[in-house]
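Understanding the architecture of this molecule
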Amino acid sequence: MLNQEQIVYLNGEFLPLSQAKVSVLDRGFLFGDGVYEVIPVYGGSPLRLAEHLQRLENSLSGIRMVPPLDRQQWVLIFNRLIHGVDDQSIYLQVTRGVGTKRDHAFPLGIAPTVFAMCTPIAPIPASGVKAITVPDIRWQWCHVKAITLLANVLQRQQAVDEGCAEAILLRDGYAMEGAASNLFAVVDGVLLTPPKGNDILPGITRDLVVELAQANTMKFEERGITVDELRRAEEVWLTSSTREVLPVVELDGRKVCDGVVGPVWARMNGLYQALKEELRKGHSVFNIRELLDS
Ligand code: PDD
C-alpha cells in the first residue's frame, strides 16, 4: 500500500509511528535514563546481531537494569519491524520506565519502556567527508551506550555548523573517537585504532574492521592515537553501524594527506562491502540457533 505509515514497537505493541506515545514522566524523557542500540540490516539480515545484543545487555547492566526481554524475544520484534531488503537500521531504546513523580533515585517496581523502529541507511559518500576536532566534554562512562547524548549532540552540531560530517573528540592529547563513530587512522603505514575502555564506545563496526584487518594481515595496532599523529595521518576513517567505514579527507580545514580517499580505506571498504553482500545474498549471520547459543 502506498504511503503506509511506519510501524514501530512500543511496550509489547506494534503500532503506527504517530500513535506511539510515552508519558512525560518517563525517565528517558526526564533524565535521559536509558540505553540504546543501532543495528544495521542488509538484505533483511541484521549484521552482528549477537554482538549488538551483548552490548545492550552490558549497557543495561552498566546502569543497573536487567534486560526486559530475552534474545529470542528481541529477534521476534526485529523480524516484524524489518521491512523489505533495502539497507536499514534497527533503533532500540530501553529506558528505566515511568515514575510517579520526578525523582533522581530509581522508583521501585516500575516496568522499563521499550521502543524499537527501523530507519533506512543512506549510502556513504565514497569520496569521503570533512571532520573537525573538538574537546571531548563527555562523561566518564562512554562505554555505556546511554541515550544521554547532550555532549555528543553539541559536538556533532558544531561539525554540521562548520559544514562537516563529524566531530573527532580530543582528550589529554589523544584522539578518542567521533561524536557518534569510532576512529581509525593510518600513520606511517600502520592502521591504528584506540583500545577499548571506559573512554570510548566499544563499536561493533570497529571490532569488525579490526577482525578484517587482522584476517587480511594488514599492518594494524590497537593503541592510542595522539593528536599529532591524527594531524599527520595518511588516512583517517570513522566507523559506525550507519556510516560503515567512512573516510575523512579534510580535518579542521586541512587536507588529510592528498585530500582524497586512501588505498588502505579502499581495501578495507572492499572487504566490508563484500561482507554486506554475503548478508544480502542470504548467507546469513542471522542464524537464530547461533545467536541463542552465543
Ligand atoms: N552511534 N562511538 C559512538 C560515540 C557512537 O555513538 C557510535 C555509534 C559508535 C560506533 O558504534 P557501532 O559501530 O556499534 O555503531 C562509536 C550510533 C550509530 C548512533 O548513535 O546513532
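Treat the numbers as computed from the prediction; the structure is a model and nothing was measured.

This brings us to the domain arrangement of the protein. Partitioning the protein into domains gives domain 1 (7-120) and domain 2 (129-279). A straight line from the C-alpha centre of domain 1 to that of domain 2 covers 26 Å. In this assembly, 26 residues from domain 1 lie in contact with 20 residues from domain 2. For the pair domain 1 and domain 2, the summed buried surface comes to about 1900 Å²; carbon and sulfur atoms form 65% of the total. Broken down residue by residue, the surface that domain 1 buries against domain 2 is led by Tyr 36, Tyr 42 and Arg 55, which jointly contribute 35%. The interface formed by domain 1 and domain 2 includes two salt bridges.

With respect to topology, six strands assemble into an open sheet ordered 2-1-6-5-3-4, the strand pairing being antiparallel. Two strands close off the open sheet at either side, each with one partner strand: strand 2 (13-16) and strand 4 (45-46). Taken together, the two bridges between strand 1 (residues 7-10) and strand 6 (residues 113-120) define a ladder with antiparallel strand orientation. Looking across to strand 6, one finds that Leu 10 is bridged to Phe 115. Helix 2 (residues 49-62) rests against strand 3 (34-42), strand 4 and strand 5 (88-95) of the sheet, and its axis sits at about 175° to strand 3.

Further remarks concern the packing of aromatic side chains. Applying the stated criterion to the full structure yields six aromatic pairs. With a centroid separation of 5.7 Å and an interplanar angle of 35°, the aromatic rings of Tyr 36 and Tyr 91 are classed as tilted. Of this pair, Tyr 36 sits in strand 3 while Tyr 91 sits in strand 5, placing them 55 residues apart in sequence. Each member of the aromatic cluster is reached from another via a ring pair, and the members are Tyr 36, Tyr 91 and Phe 115. Sitting over the ring of Phe 14, Arg 80 keeps its end group 4.0 Å from the ring centre. It is Arg 96 that lies over the ring of Phe 106; its NZ or CZ is 3.6 Å from the centre.

Let us now look at the packing of helix 5 (residues 204-215) against helix 7 (residues 263-280). Two numbers describe a pair of packed helices, the interaxial angle and the distance between the axes. The contact between helix 5 and helix 7 brings their axes to 10 Å, and the two run at 110°. Comparing their axes, helix 7 and helix 5 come out roughly perpendicular. Here the hand of the crossing between helix 5 and helix 7 comes out right-handed. For the pair helix 5 and helix 7, the contacting residues are Thr 205, Leu 208, Val 209, Leu 212 and Ala 213 in the first and Met 268, Leu 271, Tyr 272 and Leu 275 in the second. Of the residues in the contact of helix 5 with helix 7, the class split is eight nonpolar, one polar and no charged.

Of all eight residues in strand 5, eight are buried; the element is thus mostly enclosed. Where strand 3 lies against strand 5, eight bridges are found, and the strand directions are antiparallel. What sits directly across from Tyr 36, in strand 5, is Gln 93. With eight bridges connecting them, strand 5 and strand 6 associate as antiparallel partners. Each residue of the ladder has a partner; that of Val 94, found in strand 6, is Val 114.

Cut-off values and rules
- Residues numbered from 1 in each chain as written.
- Predicted model: local features only at pLDDT ≥ 70, side-chain atom pairs only at ≥ 80, totals over all residues.
- Heavy atoms only, no water.
- Domains from an automatic or database assignment.
- Contact = heavy atoms within 4.5 Å.
- Buried area = accessible area lost by both parts, 1.4 Å probe.
- Salt bridge = Lys/Arg side-chain N within 4 Å of Asp/Glu carboxyl O.
- Pairing = 2+ DSSP bridges.
- Helix = DSSP H or I, 4+ residues; strand = E, 2+ residues; numbered from the N terminus.
- Axes fitted to C-alpha atoms, helices over the stretch in contact; angles between N-to-C directions.
- Phe/Tyr/Trp six-rings, centres within 6.5 Å; stacked < 30°, edge-to-face > 60°.
- Lys NZ or Arg CZ within 6 Å of the ring centre and 35° of its normal.
- Parallel < 35°, antiparallel > 145°, perpendicular 65-115°, else oblique.
- Left-handed = near helix turned anticlockwise from the far one by under 90°.
- Nonpolar A, V, L, I, M, F, W, Y, C, P; charged D, E, K, R; others polar.
- Buried < 20%, exposed > 50% of the residue type's maximum accessible area, 1.4 Å probe, protein only.

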